[in-house]
Amino acid sequence: ERLKQALISARDTPTPSYQEILVAKSNALLQLDYRSRVLDNFKRQIDDQQRELQEKIEDFDERRKQYELQQEKQRTGMQLDNLKEIQTILENMAPEEAKKQLIKKLINGELTDVVSIIKGMEPGKQKKLLAEFTSPSDVEELAKVLQEIRRGQTLRTSEPVPKTP
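What counts and how
Residues numbered from 1 in each chain as written. Predicted model: local features only at pLDDT ≥ 70, side-chain atom pairs only at ≥ 80, totals over all residues. Heavy atoms only, no water. Helix = DSSP H or I, 4+ residues; strand = E, 2+ residues; numbered from the N terminus. Rg over C-alpha atoms; globule rule 2.2 N^0.38 Å. Contact = heavy atoms within 4.5 Å. Areas by Shrake-Rupley, 256 points an atom, 1.4 Å probe, with all protein chains shown as cover. Lys, Arg positive; Asp, Glu negative; His and termini not counted. Charge placed at Lys NZ, Arg CZ, Asp CG, Glu CD. Axes fitted to C-alpha atoms, helices over the stretch in contact; angles between N-to-C directions. Left-handed = near helix turned anticlockwise from the far one by under 90°. Nonpolar A, V, L, I, M, F, W, Y, C, P; charged D, E, K, R; others polar.

J.: It is not clear to me how the overall build of the protein chain should be interpreted in this structure. Could you clarify?
T.: Of the regular secondary structure elements, the protein chain holds 6 helices and 0 strands. When the helices and strands of the protein chain are placed in sequence order, the string is α-α-α-α-α-α. Taking 165 residues into account, the globule formula puts the C-alpha radius of gyration at 15 Å, and the protein chain, at 42 Å, lies well above it. Each of the three principal axes of the protein chain carries a C-alpha extent, and together these read 125 × 35 × 25 Å. By sequence separation, contacts in the protein chain at least 24 residues apart represent 77% of the contacts at least 6 residues apart. For the protein chain, the accessible area works out to roughly 13,100 Å², and carbon and sulfur atoms hold 55% of it. Between the mean site of the 29 positive side-chain charges and the mean site of the 29 negative ones, the protein chain shows a separation of 2 Å.

Next up, the structure:
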């Protein structure tokens with residue numbers, strides 16, 4: 001029964017001509033081509049946006065790096081200004097009192113600060129101050145300071161902060 005109905009409906013359905021089949025296939029190909037061009041266009045837009053985003057990320061990273069360098073430069077400059085101020089105060093103190101203050105800084109582990117302060121002092125004041133280091137423990141501490149000065153790893157407080165490019 002079903003087979004009969006299928007055969008009857010097949011006879012009643014018009015058969016498309018060769019021309020109609022060609023037009024239908026041509027339209028289908030045109031639609032596929034259009035869809036392909038639209039997808040290519042979207043892909044190109046996404047690639048452009050991705051490239052633009054990457055450039056913005058790189059620009060942001062560069063700006064952040066510059067900001068951090070500037071902050072570090074300011075922090076270092078402030079530290080050097082503070083050390084310079086301490087150096088001036090110590091230069092104006094009696095050498096015995098200045099030595100006591102430097103010994104306290106050394107005990108607190110502030111070797112690089114002590115080295116920077118001593119390196120920034122005028123030679124005459126350095127000589128008077130260093131002459132106060134007479135006891136065996138003082139001489140030991142002075143040896144550490146002189147060794148660090150010999151290494152040359154700290155900045156003189158009178159020198160400007162190095163500029164960053």
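J.: Is there a simple way to explain the environment of Val38 in this structure?
T.: Position of Val38 relative to the elements: it lies in helix α2 (residues 18-92). Taking the C-alpha atoms as reference points, Val38 and Ser9, 29 residues apart in sequence, are found 40 Å from one another.

J.: Quick question: what am I supposed to make of the packing of α2 against helix α4 (residues 111-120) here?
T.: Between two packed helices, what matters for the description is the angle formed by their axes and the separation of those axes. At a minimum axis distance of 9 Å, the contact between α2 and α4 shows a crossing angle of 60°. α4 is crossed by α2, and the crossing has right-handed handedness. In this structure, α2 uses Leu83, Lys84, Ile86, Gln87, Leu90 and Glu91 to contact α4, whose residues at the interface are Asp113, Ser116, Ile117 and Gly120. The residue inventory of the contact of α2 with α4, partitioned by class, reads 4 nonpolar, 3 polar and 3 charged.

J.: How should I be thinking about the packing of helix α3 (residues 95-107) against α4 in this particular structure?
T.: Put simply, α3 and α4 touch, their axes get as near as 7 Å, and they point 150° apart. Each of Leu102, Lys105 and Leu106 in α3 lies in contact with α4, whose residues at this interface are Leu111, Asp113, Val114, Ile117 and Ile118. Grouping the amino acids of the contact of α3 with α4 by side-chain chemistry returns 6 nonpolar, no polar and 2 charged.

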